[in-house]
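Understanding the architecture of this molecule
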Amino acid sequence: MPDFLIEEKGNYGIDCTSAVWASDEIHQAYHDCGLSILCDADFVIETPDRILLVEYKNANVPEARAHVPKGAEYNPLQPDKFNKLVRKYYDSLHYLRLLGKEQPIHYIFVLEYPKGDSASRKALRNRLKKHLPFQLQKMTDAGIKLIEAVDVVNIDEWNDDRVYGQFPIKAAAQLRVL
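A word on the sheet that holds strand S1 (residues 4-6). Taken in spatial order, the three strands make up an open sheet running S1-S2-S8, and their pairing is antiparallel. Looking at which strands have only one partner, the edges of the open sheet turn out to be S1 and strand S8 (169-171). Strand-to-strand, the axes of this sheet are offset by a mean angle of 30 degrees, without reference to chain direction.

Laid out in structure tokens, this is it:
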């Protein structure tokens, strides 16, 4: 298990030294099996009582801004971006179930973007909640949960959270890469 999970641009990472288990391998596993049609969350962090399924997007870093057309800004509510975010949750379930990871899943979107604020993150969280299987769980009332919670936070909110903050997000240069 890696001690640090580094996001794809290499700017930030999550310190997972206190995790039961952590991984960023879903994407590679799907690719290796010819399942690249599936989308996946960036990171999985297991605690004694839950799975944190983490999607990370930082549209504030220069590498991300370089790919945005002039005058346009990242908008997580854009239909294609939002639908992909929802799909990443569902498509990651396969991998977790095959590994026997049955703890309650908390899907967290760590999001930094130019016009992001607490109100926009809350609106995104509320919209995500409508597209994730919360209602289906209630309707079936089988006692089985596919998801326990969904959250949208920025890096500071992640680091300040009682649970998420056990796995601080830091600039990659601050992490000890072994």
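Picking up where we left off.
Turning to the nonpolar core, a few remarks are in order. Soluble, globular proteins show a tendency: their nonpolar side chains are buried together. Counting residues in each nonpolar core, the largest one holds 28 residues, and the members touching the most others are Leu53, Tyr89, Tyr107, Leu128 and Leu132. When residues of this core are traced back to their parent elements, those giving at least two are helix H1 (26-32), strand S5 (51-58), helix H3 (79-98), strand S6 (105-112), helix H4 (118-131) and strand S7 (149-153). Here this core takes seven residues from H3, the largest share from any one element. For Leu132, the contacting residues outside a window of four places in its chain are Val86, Tyr89, Tyr90, Tyr107, Ile147 and Val150. In terms of nonpolar packing, the next biggest core, distinct from the first, is built from 19 residues, Ala19, Leu52, Trp158 and Ile169 among them.

Right, let's get into the sheet that holds strand S4 (residues 43-46). Taken in spatial order, the five strands of this open sheet run S3-S4-S5-S6-S7, and their pairing is mixed. Only two strands of the sheet have a single partner each, and these edge strands are strand S3 (21-23) and S7. With strand direction ignored, the average angle separating the axes of adjacent strands in the sheet is 15 degrees. Note that S3 and S4 share three bridges and pair antiparallel. Looking across to S4, one finds that Ala22 is bridged to Ile45. Sheet strands touched by H3: S4, S5 and S6. Its angle to S6, the strand with the most contacts, is close to 140 degrees. Contacting S6 and S7, H4 runs over the sheet at an angle of about 155 degrees to S7.

Scoring rules and cut-offs
- Just so you know, the residues in each chain are numbered from 1, in the order the chain's sequence is written.
- Totals for whole chains, interfaces and linings use every residue, but because this is a predicted model, local features are given only for residues with pLDDT of at least 70 and side-chain atom pairs only at 80 or more, for both listing and counting.
- To get the side-chain values, take all heavy atoms of the structure and skip hydrogens and water.
- Two strands are said to pair when DSSP picks up at least two bridges between them.
- Helix and strand labels come from DSSP, where a helix needs a run of H or I of at least four residues and a strand needs a run of E of at least two; each type is numbered from the N terminus.
- Between the N-to-C directions of two axes lies an angle of 0 to 180 degrees, each axis being a line fitted to C-alpha atoms and, for a helix, fitted only over the stretch in contact.
- Each nonpolar core is a collection of buried residues, namely Ala, Val, Leu, Ile, Met, Phe, Trp, Tyr and Cys, held together in the definition by side-chain atoms within 4.5 Å.
- Under the scheme applied here, a residue whose accessible area is under 20% of the maximum for its type counts as buried, over 50% as exposed, and between as partly exposed, the area being computed with a 1.4 Å probe on protein chains only.
- Contacts between residues were defined by any pair of non-hydrogen atoms, one from each residue, lying within 4.5 Å.

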